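Listed here are the chains, written in short residue letters.
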Amino acid sequence: MSRPHPVSPQPAPPVPQLRVDYVHASDAQALLGEDVLAVLGFGDAAPAALADPRYLRVPLQPHGGAPYEVWHTGRPVRAGRDGEIAWATDGALTFGVIEVREDDGIIAAAAHAYARLTAFVRDGGTPCLLRIWNYLDAITQGDGDAERYRQFCVGRARGLGSFDPTRLPAATAIGRCDDARVLQIYWLSANAPGTPVENPRQVSAYRYPRQYGPQSPSFARAMLPPTATRMPLLLSGTAAVVGHASAHADALLAQIDETFLNFDALLGAARERQPALPARFGPGTRLKVYVRDRADLDTVADALHARLGSRVPYVVLHAAICRRELCIEIDGVHE
């Protein structure tokens, strides 16, 4: 009797790994090495576009000379375009971008962008969304449910379709200040799921009461990556919100203090699941700091230097926050 041929073992899937660096450079193209998943430039001083799909200019003006944000994966990356979507992947992680004009309003633009994003991620080799960034103009324009951020939340949920709110990715939604009615979204997805983290000082955004709009915001406060020792904690946009209410309306320095108290609580919640994670921000942290009023940029830079010194790399950006009374919001990565 003939014996069956032994079945060759399938290769193990690649392990997600990511390192985020802030790099001052005169040539963005030179930063696009073989293992680079993405390069982000900030404001008008950065190139508007490059032929390589891994490059994206974020339309927010920096305070002073801003570095480029560079995502390294440690393995070769391939990139391309699929209709409206630019993408790059190393097989374990995918960086994606979609930009949609608001010809039919922000609800329609958000619904379209998220429907395309969701289908692209679902049908690829990295179907687990970890982190999303959303930038839209005039984010707090309009009153009541006509406010553009509330309408964006409606469109986002419509585009996501049916979803489990407890499995949502980390996210940021920030207002660009250039009068360009173009919704810019970029994201990170993986071949394995992360673990959403909520903040014990805050009501989960997806459980906000009706007073914040007909559709609660759809995001987690942070995301622990699928490979704890090879990727940072992904921090959502965080501001001076306690419970579900804004604290210290229009009081910039008090809001900075409250925001860092929220980060302390968020890191504590993350460390319950990943105890090796540092309890405080340090050299493994990268922060993007969004400041509502251009006149406050120097004050924020001074306050951050007093608090963080040179041990935590950060970039300060002029941007509108999703609530009118909030002066500042911060997101980033931490390991």
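Rules used throughout
- Residues numbered from 1 in each chain as written.
- Predicted model: local features only at pLDDT ≥ 70, side-chain atom pairs only at ≥ 80, totals over all residues.
- Heavy atoms only, no water.
- Buried < 20%, exposed > 50% of the residue type's maximum accessible area, 1.4 Å probe, protein only.
- Helix = DSSP H or I, 4+ residues; strand = E, 2+ residues; numbered from the N terminus.
- Pairing = 2+ DSSP bridges.
- Contact = heavy atoms within 4.5 Å.
- Polar contact = N/O pair within 3.5 Å; in protein donor to acceptor, adjacent residues only side chain to side chain.

Caption draft 1: Region of the structure containing the pairing of strand 7 (residues 85-89). Counting buried residues in strand 7 gives five out of five residues, a clear majority hidden from the surface. Taking every second residue as pointing to the same face, both faces of strand 7 are buried, with I85, W87 and T89 on one and A86 and A88 on the other. As judged from the five bridges shared by strand 6 (residues 78-82) and strand 7, these two strands associate in the antiparallel manner. From the neighbouring strand, G80 faces strand 7, where its bridge partner is W87. Count of turn residues in the strand 6/strand 7 antiparallel hairpin: two residues, of which G83 carries a positive phi of about 65 degrees. Here five bridges tie strand 7 to strand 8 (residues 93-101), and the two strands are oriented antiparallel to one another. In the sheet register, I85 faces strand 8, and the bridge partner there is I98. If you look at the hairpin formed by strand 7 and strand 8, you'll find three residues sitting between the two strands, and G91 has a positive phi there, around 95 degrees.

Caption draft 2: Quick look at the side chain of E329. If you trace the backbone, E329 turns up in strand 19 (residues 328-334). The residues touching E329, leaving out its near neighbours within four places in the chain, are T172, A173, I174, G237, T238, A239, K288, V289, Y290, I321 and C322.

Caption draft 3: Spotlight on the side chain of N199. Within the element layout of this structure, N199 appears in the loop between strand 12 (195-197) and strand 13 (222-224). Here the side chain of N199 touches R201 through a polar contact of 2.9 Å, landing on its backbone nitrogen. Residue contacts for N199: discarding those within four places in its chain leaves R221, N262, A265 and L266.

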